[in-house]
Amino acid sequence: MADSRSDWLAAWIGWVCGRAGIVVLAALVSAAGLLWYAAANLTINTSTTDMLSAELPFRQNNVAVDAAFPQRSGTLIVVVEGADSAAAARAARRLALALKEQPGRFEDVFDLEGDPFFRRNGLLYLPQAELEAQADRLAAAQPLLAALLADPSLRGLQDLLTNALESGDSPVASLEPLLNRLAAVAEALPADPQTRLSWAALLQDRAETAAGRRLFLIVKPRADFATLTPVAGAVAAIEATVAELGLAGASGLRIRMTGEPLMLQDELESVRSGIGFVGLLSAVLVACVLFVGLRTWRMVAPILLTLVVGLCWTAGYAALAVGQLNLISVAFAVLFIGLSVDFGIHFALRYREVLGLAENADVTAALRRSGALIGRPLLLCGLSSAIAFFAFLPTAYRGLSELGLIAGGGMFIALFANLTVLPALLRLWPVRARPLRRTPVAALGGWIHDQAGRRAPLLLSLGLVLAVASVSALPRAAFDDDPLNLRDPQSPSVATLLDLLADDRLEPYEAEVLAPDLTAAEALATQLEALPEVAAAVSLADFVPAGQDDKLAVIDEMALFLAPLFLPLEPAPPLDAATRRQAVADLSASLAAAPAALAASATRLRAALEPLTAGDDNGDEEALERLEHAWLAGFGPQMDRLAEALEAGPVDLADLPAGLSARYLAADGRALVDVRPRDDLRDPAARARFVDAVQAVVPTVSGPPVTIVAAGRAVIEAFAQASLLALAVIALLLVAVLRSLLDALMVLLPLLLAAAMTVAAGVVLDLPFNFANVIVLPLLLGLGVDSGIHSVMRAREERRKRAGIAGAGAAPAAEGAEGRGLNSTPRAILLSALTTLASFGALGLSDHPGTASMGMLLTLAIAITLFCVLLLLPALLAVTEGRRKG
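Residues numbered from 1 in each chain as written. Predicted model: local features only at pLDDT ≥ 70, side-chain atom pairs only at ≥ 80, totals over all residues. Heavy atoms only, no water.

(A) Expanded view of the overall build of the protein. A tally of helices and strands in the protein yields 32 helices and 11 strands. Taken across its 886 residues, the protein has 54% of its residues classed as buried. Here the protein has roughly 36,800 Å² of accessible surface; of this, 60% comes from carbon and sulfur atoms. (Helix = DSSP H or I, 4+ residues; strand = E, 2+ residues; numbered from the N terminus. Buried < 20%, exposed > 50% of the residue type's maximum accessible area, 1.4 Å probe, protein only. Areas by Shrake-Rupley, 256 points an atom, 1.4 Å probe, with all protein chains shown as cover.)

In structure tokens form, the structure reads like this:
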């Protein structure tokens, strides 16, 4: 047992108390300076990929692909959706041209479907059977198209339908789809003014889908990495361009954006916007719990102020040590708060215990005595926690290794603050010396400690059952390695991506293979497509249409019989309201006399038109204009696209657009292969199968699915490596310091059980580990070891006192405290756990999924640790104490 008259920690605290005012002033000034330095120099990188060592093979492969094809990385996806495909195409083309005129903002703008090459040669990419079917449909529709081209208005449409219905020359197969689609648009128009008839879908005899009305622009922004919002300028430029072109709010148009850099930017904003409320709530809850436990602001305020000072110091240290935080290392504050408050509570309650039991009321002497009694357990706790964090330094998981560096150093900062700033503040704000009272927390802590000792066999049996059950659940533990699940689904960029996952043209889980040349790329593509996990492997050669001779023959035939459609025509006379009304009335009359084969579709269209023909006034004029626009606005643009598509010619590699070729063939001749999965890779098992299968053929494959799977495996390996190293070193440290293998086991066994139970609870509650909540394990290691050390060393202290080893006068005081059940250690452990629960439980209320999962798992882990340390550890100690006495 340490003597406060000779112990060096007691001497240090005595020196601090003698200069309390200067110490506090120096602490506050240095904290303010380091906080300012951290705010000016500490940045945040939200990329989950950058949290892993750049030396890992998959990261090297990513770097190689990005260097060869820089226009493919860091891109934004601009989604253009229109009332029909023609409107979307026009808007996308206008926006792409406008963005290309801003090279200062955008390095590259890629409009695949809007490129003149594909507008001209698009028919060549249809299968032969589909192209021939399309030619047959256009041949059958040629008379109708010719009539409508002569007068593309309600009048012209009424004329051609009336003639077709009365003459009976047009086959039912040509008229029935047209009548049904006209009816569908007329039915939807009152509720949806933006609805349009898709002439492209009509002529291709397919349903108009949301995907058919959607086009993508791939934009490479010039990012400003000197700010926390590197693509904000590019996003603002796109929004301004949309507004200038009149596309914002235009009829039926919707323009959205997504892409990895924008999602990272939105994620940072989501975390920052939600953390303010959560942080305030956490601070209020911690202060309330401390006040309930300590019952005086003269102890609560010094602990909180010491915490703030230490946190500022640690932030400054982080800015100096790493300079940039990631999604894992940003949690250093969470770890520091939990462990620093733990140190402060133990010191303050031991000081309160000593002060209440001392024969005199000298504050400095009580603080010296407290330092002598609690200083060594605190040093051992700090050292063991630092070892737990520093064990992550040699791993390849950069995010966790940097967290280990910051949090490990933070433990020494927390120790220094709680053995320097806290005693100085307690000296400046002395607590009245009075006999110890049973506060609610003290009473609860004492009762739990007492019951644990009395029911030791039952609790140990329960612990054994829980251990067996938890170990059996460990193989089912999961790590969610998909960063998309950590992002706020309500943020615009993430919501857009989730909405687009059903679109076959967009595959966020596409793998990439870099080949030496195009010939090798074609061979690899053939080999990869043979895999059952692969849907397609695309190289530049796949953009050269197959069977061109046969397809060009069909296209030439189409151009021949459709040529009269594109001859110059005299414009039809304009329509007025009366003409439109008469055209609709005449059409309704013709529909009433439709042939029996068309009765169903004709009746449907006539019913849809009835509200427009019921009145005699001019109130329907606007409705008639909307109907004409909805039916015919897309007809002219679609015929223009058809005329352009009939100009197709032979295509070889040299004819492909330069922008497309540059995305698959690098300047040095290396070629890229896009590998598309057959299954939905949102499923972790399917994702792992796909990556393993492709890597078996091409070990250097890269891309998002490879990054996700490799990152997850690297994290799991890092935790296994670091946890084993930390446990081994901590065990050796405990044996060396405690000089008892049994006492070291008493510290470690509850910790191991708490870790196993936390993982098992995650399995039962379907709460997998992820890149955000993995900090639960190092925090659990730190808090669990600390609580175990305090319990075991306090038990040894009491045992030695009872044996008469304590210094003169110490035994009676301690015995008095023990006899009245006012041992401060169980109370301190309980209060520390409650403050940690209050602090981190609030994180579970965050809108950000990653932060919320961190809060939920932390709350679960701390509750389990509390159970193990306050119930199972005292039971173990009671059993071993009984054997010693026996």
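(B) Just the confidence of the model for the protein, in detail. Of all residues in the protein, 90% have pLDDT values of 70 or greater, and the mean over the chain is 84. For the protein, helix H30 (residues 810-819) is the element with the lowest average pLDDT, namely 40, and strand E10 (residues 671-677) is the one with the highest, namely 95. This stretch, residues 1-6, has a pLDDT under 50; its non-local contacts, to residues over four places away or in other chains, come to 16 contacts. Counting contacts from residues 805-821, a segment whose pLDDT is below 50, to residues more than four positions away or on other chains yields 22 contacts. (pLDDT = per-residue confidence, 0-100. Contact = heavy atoms within 4.5 Å.)

(C) Spatial organisation of the sheet that holds strand E8 (residues 511-515). Strand order in the open sheet made by the three strands is E8-E10-E9, with antiparallel pairing throughout. What marks the edges here is a single partner per strand, and that holds for E8 and strand E9 (534-538). Strand after strand, the sheet turns through a mean of 20° between neighbouring axes, direction not considered. Bridge count for E8 against E10 is five bridges, and the pairing is antiparallel. The partner of Ala511 across the bridge, within E10, is Val675. Across the sheet, helix H26 (residues 684-697) lies against E8, E9 and E10, angled at about 145° from E10, the strand it touches most. (Pairing = 2+ DSSP bridges. Axes fitted to C-alpha atoms, helices over the stretch in contact; angles between N-to-C directions.)

(D) Expanded view of the pattern of salt bridges. The full count for this structure, using the stated rule, is 24 salt bridges. In this structure, Arg682 engages Asp482 in a salt bridge whose closest nitrogen and oxygen atoms are separated by 3.7 Å. Placement of the pair is Arg682 in the loop between E10 and H26 and Asp482 in the loop between strand E7 (479-480) and helix H18 (492-500), with a sequence separation of 200 residues. A relative accessible area of 28% places Arg682 in the partly exposed class. Since its relative accessible area comes to 2%, Asp482 is described here as buried. The network of salt bridges with common partners includes Glu81, Glu113, Arg214, Arg254, Arg256, Asp499, Asp503 and Arg505. (Salt bridge = Lys/Arg side-chain N within 4 Å of Asp/Glu carboxyl O.)

(E) Expanded view of the packing of helix H6 (residues 128-150) against helix H7 (residues 154-167). Packing of H6 against H7 leaves a shortest axis separation of 8 Å and a crossing angle of 150°. As far as their axial angle goes, H7 and H6 are roughly antiparallel. Considering the relative orientation of H6 and H7, their crossing is right-handed. Of the residues in H7, those in contact with Leu144, Ala147 and Leu148 of H6 are Gly156, Leu157, Leu160 and Ala164. Along the lines of polarity and charge, the residues of the contact of H6 with H7 split into six nonpolar, one polar and no charged. (Parallel < 35°, antiparallel > 145°, perpendicular 65-115°, else oblique. Left-handed = near helix turned anticlockwise from the far one by under 90°. Nonpolar A, V, L, I, M, F, W, Y, C, P; charged D, E, K, R; others polar.)

(F) Molecular detail of the packing of aromatic side chains. A full pass over the atoms with the stated rule returns nine aromatic pairs. Ring geometry for Phe117 versus Phe118: centroids 4.9 Å apart, planes at 90°, classification edge-to-face. Exposure remark for Phe117: the relative accessible area of 5% places this residue in the buried category. We note Arg72 situated over the ring of Tyr664; from NZ or CZ to the ring centre the distance is 5.3 Å. (Phe/Tyr/Trp six-rings, centres within 6.5 Å; stacked < 30°, edge-to-face > 60°. Lys NZ or Arg CZ within 6 Å of the ring centre and 35° of its normal.)

(G) Quick peek at the sheet that holds strand E5 (residues 254-258). On the basis of which strands lie adjacent, the open sheet formed by four strands has the order E3-E4-E2-E5 and antiparallel pairing. Two strands lie at the open edges of the sheet, namely strand E3 (106-110) and E5, each paired on one side alone. With strand direction ignored, the average angle separating the axes of adjacent strands in the sheet is 20°. Two strands pair when backbone bridges link them, and E3 and strand E4 (residues 214-221) are joined in this way by four bridges, in the antiparallel orientation. Across the sheet, Asp108 pairs through a bridge with Lys220, a residue of E4. Across the sheet, helix H4 (residues 85-100) lies against strand E2 (76-81), E3, E4 and E5, angled at about 10° from E4, the strand it touches most. The sheet strands contacting H18 are E2, E4 and E5, and the helix crosses E5 at an angle near 100°.

(H) Just H26, in detail. For H26, with 14 residues, the first-to-last C-alpha span of 20 Å sits near the 20 Å given by 1.5 Å per residue. Taken together, the buried positions of H26 are Ala686, Arg687, Phe690, Val691, Ala693 and Val694. What you see down the axis of H26 is that its buried residues fit within an arc of 165°, all on one side. (Expected span 1.5 Å × (residues − 1). Arc of directions from axis to C-beta.)

(I) Seen up close, helix H2 (residues 20-41). Given a rise of 1.5 Å per residue, 22 residues ought to cover 32 Å, and the 31 Å separating the end C-alpha atoms of H2 matches this to within 8%. Those residues of H2 that sit buried are Ala20, Val23, Val24, Ala27, Ala31 and Ala38. Seen along its axis, H2 keeps its buried residues to an arc of 90°; they face one direction. Exposed positions of H2 whose direction lies more than 90 degrees from the buried face are Ile22, Leu25, Val29, Trp36 and Ala40. Tucked into the core, H2 has its buried residues touching helix H1 (8-18), helix H12 (297-321) and helix H15 (398-428).

(J) Structural context of a nonpolar patch on the surface. On the surface, a nonpolar cluster with roughly 420 Å² of combined accessible area is contributed by Val735, Leu741, Leu745, Leu749 and Leu752. The dominant element in the nonpolar patch, judged by the number of residues it contributes, is helix H28 (residues 741-764), at four residues. Tracing the backbone shows Leu745 in helix H28. (Patch = residues over 30% accessible without salt bridge, like charges linked within 9 Å, V, L, I, M, F, W, Y side chains within 5 Å.)

(K) The pairing of E10, seen in detail. Most of E10 sits inside the fold, with six of its seven residues counted as buried. With four bridges connecting them, E9 and E10 associate as antiparallel partners. Residue pairing for E10: Val538 is matched across the bridge by Asp674.

(L) Looking closely at the nonpolar core. Core analysis: the biggest nonpolar cluster contains 246 residues, and Leu161, Phe347, Tyr397, Leu609, Trp631, Val675 and Leu734 have the highest contact counts within it. It is helix H32 (residues 849-885) that provides the largest number of residues to this core, a total of 16 residues. (Core = buried A, V, L, I, M, F, W, Y, C linked by side-chain atoms within 4.5 Å.)

(M) Structural context of a negative patch on the surface. On the surface, Glu132, Asp136, Asp549, Asp550 and Glu557 cluster together to form a negatively charged patch. Among the elements of the structure, H6 and helix H20 (548-562) are those that each provide at least two residues to the negative patch. Considering every element that reaches the negative patch, the biggest residue donor is H20, with three residues. Judged by relative accessible area, which is 56%, Asp136 ranks as exposed. (Lys, Arg positive; Asp, Glu negative; His and termini not counted. Charge placed at Lys NZ, Arg CZ, Asp CG, Glu CD.)

(N) The side chain of Asp111, seen in detail. By the element assignment, Asp111 lies in the loop between E3 and helix H5 (116-121). Summary of buried charges: Asp111 has no salt-bridge partner, and the nearest side chain of opposite charge, Arg119, is 5.9 Å away. At 3.1 Å, the side chain of Asp111 and the backbone nitrogen of Gly114 are in polar contact. Beyond its immediate stretch of four places on either side in the chain, Asp111 contacts Ala92, Arg93, Ala96, Phe216 and Leu217. (Polar contact = N/O pair within 3.5 Å; in protein donor to acceptor, adjacent residues only side chain to side chain.)

(O) Representation of unusual backbone geometry in the model. Of note in this structure, Asp205 is not a glycine but carries a positive phi near 55°. Position of Asp205 relative to the elements: it lies in the loop between helix H9 (199-203) and E4. A positive phi angle is found at Asp766, which is not glycine, with a value near 55°.

(P) Representation of the environment of Leu873 in the model. Relative to the helices and strands, Leu873 is located in helix H32. Here Leu873 falls in the buried class, since its relative accessible area comes to 1%. C-alpha separation for the pair Leu873 and Ala452, spaced 421 residues apart in sequence, amounts to 8.3 Å. Setting aside its immediate chain neighbours within four residues, Leu873 contacts Met746, Pro750, Gly788, Ser791, Val792 and Cys868.

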